Amino acid sequence: MPARAATVLFDFDGTLVRGDCAAAWLRDLLASHPLRRLLAGASFPVLRPAFGWWRVAWMPASFYTWLATVGRTDEALAEAREDFLRLCAARREQLLIAPAVARLHAHLAAGDPVVIVTGAEAGLARSLWRALGQPDVPVVGSSVRPALGGYIGAEHTVGPRKLQALERLGIHPPFAAVYSDSAIDLPLLCETARPVLVQPDPRNLARVDKRLRGAFETLL
């Protein structure tokens, strides 16, 4: 039996699409209700010291997920998500990071196995990717679960947890290539001979350069 081809990995937020899709979705939900908006604003100064970077600060993110969803039916949440996706689709050219998207298409055309692995909730990322008119590829991401009348985080796939989530699906390093905008993904970037940083900011560029000693490509 021939060996399985190595997988090409793409981060999602900041790599294929601009911004943070989960944070944008939750902001829309919170802003649509005056009391939720008030509670979010009042709690932010308390949670801010622990907030760090949204993509790694799981407890505050989980709290805002609950605040945005508590008391809302699944049907109402699904309708609100469709509204959010329609607005995103209307901004398709603004949201897509063209150089990285072009690379993903090139890998697919070459027959490479491609997986998107993200800290965003997997269903949201998958739906947004489709709404932006992009090809179906497997999406591995975070999950939520019901709690106290709303939803909270169940698993947050960031950093080394991305490796664990991939391994549960039988996707193991070394990877053919890894595309990311962030040093958070160094556990993945260190597991490929072809690490690619996509439009990194100076802080992330410096952190990755310190670890990989210049042995990476920068995609601008």
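Residues numbered from 1 in each chain as written. Predicted model: local features only at pLDDT ≥ 70, side-chain atom pairs only at ≥ 80, totals over all residues. Heavy atoms only, no water.

- Within an unreviewed UniProt entry, the label attached to the protein chain reads Phosphoserine phosphatase, and the organism entered is Arenimonas soli.

**Topic: the overall build of the protein chain**
- Helix and strand counts for the protein chain stand at 10 helices and 7 strands.
- By the burial criterion, 47% of the 220 residues in the protein chain qualify as buried.
- For the protein chain, contacts bridging at least 24 residues in sequence account for 62% of all contacts bridging at least 6. (Helix = DSSP H or I, 4+ residues; strand = E, 2+ residues; numbered from the N terminus. Buried < 20%, exposed > 50% of the residue type's maximum accessible area, 1.4 Å probe, protein only. Contact = heavy atoms within 4.5 Å.)

**Focus: the side chain of N204**
- Within the element layout of this structure, N204 appears in helix 10 (residues 202-212).
- Judged by its relative accessible area of 2%, N204 falls in the buried class.
- Among the polar contacts listed, one links the side chain of N204 to the backbone nitrogen of A183, at a separation of 2.8 Å. (Polar contact = N/O pair within 3.5 Å; in protein donor to acceptor, adjacent residues only side chain to side chain.)

**Quick notes on the pattern of salt bridges**
- If you walk through the whole model with that rule in mind, you get 8 salt bridges.
- With a shortest N-O distance of 2.4 Å, E217 and R103 are connected by a salt bridge. Of this pair, E217 sits in strand 7 (residues 217-219) while R103 sits in helix 6 (residues 98-109), and the two are 114 residues apart along the sequence.
- Exposure remark for E217: the relative accessible area of 27% places this residue in the partly exposed category.
- Between E155 and R168 there is a salt bridge, with its nearest N and O atoms 2.7 Å apart. With a gap of 13 residues between them, E155 in strand 4 (residues 150-155) and R168 in helix 8 (residues 160-168) connect regions that are remote in the sequence.
- Overlapping salt bridges bring together D11, K162 and D185 as one network. (Salt bridge = Lys/Arg side-chain N within 4 Å of Asp/Glu carboxyl O.)

**Topic: unusual backbone geometry**
- Geometrically, the link from P173 to P174 is a cis peptide bond, its omega value of 5° lying close to zero.
- In this fold, P174 is placed in the loop between helix 8 and strand 5 (177-180).
- Located in the positive-phi region is L148, a residue other than glycine, with phi close to 55°.
- In the Ramachandran plot, R213 falls in the positive-phi region, its phi being about 55° despite a non-glycine side chain.
- Classification of R213 as exposed rests on a relative accessible area of 75%.

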